Amino acid sequence: YSFCTLLRLGEGEWKKKKKEEKKKMPAKKAQEQAPAPVQFDVSNLVTLVGADGCEYVIDKQCAMMSKLIKGQIEEIKEGEEAVLPFPDIQPDILEKTIQYFYYKYRYDNDPDERPDFDVPPEMALDLMVVASHLGC
């Protein structure tokens with residue numbers, strides 16, 4: 001309702017109409033409101049370290065969307081902490097790359113439900129270089 005409608009109806013009447021409209025609206029199912037969360041084992045983590053020394057702790061299965069990282073993880077002995085340094089990757093680019101790992105992990109087996117993966121234009125070239133380097 002517009003401000004003019006509010007003045008015409010008065011505040012009390014306007015609130016009543018809003019309540020009536022809410023009752024008439026069909027309730028959304030929980031599954032329609034949010035996509036299913038990514039399931040992963042929290043004890044199965046890898047740490048990626050960017051150019052600024054910032055550490056990103058992520059799920060190994062998601063990190064293994066990259067062929068390079070997958071090869072590095074496979075070389076790590078059982079029980080050894082997986083810390084992979086990427087001193088040439090700037091933090092904003094590494095963070096967007098990690099978002100892509102989770103996106104790819106989530107939607108690779110469900111291409112019909114895959115939304116677009118948004119990439120800011122100013123990051124596009126750097127992301128393509130990193131994606132090529134990481135093999136993802």
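Residues numbered from 1 in each chain as written. Predicted model: local features only at pLDDT ≥ 70, side-chain atom pairs only at ≥ 80, totals over all residues. Heavy atoms only, no water.

Attention now moves to the sheet that holds strand E2 (residues 55-59). Within the open sheet, the 3 strands sit side by side as E2-E1-E3. Their pairing is mixed. The open sheet is flanked by E2 and strand E3 (83-85), the only strands paired with a single partner. Strand-to-strand twist across the sheet, computed as the mean angle between neighbouring axes with direction ignored, equals 25°. Sheet topology places strand E1 (residues 45-49) next to E3; 3 bridges connect them, and they run parallel. Bridging across to E3, Leu-48 finds its partner in Leu-84. Here helix H6 (residues 91-107) sits on the sheet and contacts E1 and E2; the angle it forms with E2, its principal contact strand, is near 5°. (Pairing = 2+ DSSP bridges. Helix = DSSP H or I, 4+ residues; strand = E, 2+ residues; numbered from the N terminus. Axes fitted to C-alpha atoms, helices over the stretch in contact; angles between N-to-C directions. Contact = heavy atoms within 4.5 Å.)

Taking 1.5 Å of rise per residue, the 17 residues of H6 would be expected to cover 24 Å, and the 24 Å separating its terminal C-alpha atoms lies within 8% of that figure. Within H6 the residues assigned to the buried category are Pro-91, Ile-93, Leu-94, Lys-96, Thr-97, Ile-98, Phe-101, Tyr-103 and Tyr-107. Check the buried side of H6 and you find it contacts E1, E2, helix H4 (60-63), helix H5 (67-75) and helix H7 (124-134). (Expected span 1.5 Å × (residues − 1). Buried < 20%, exposed > 50% of the residue type's maximum accessible area, 1.4 Å probe, protein only.)

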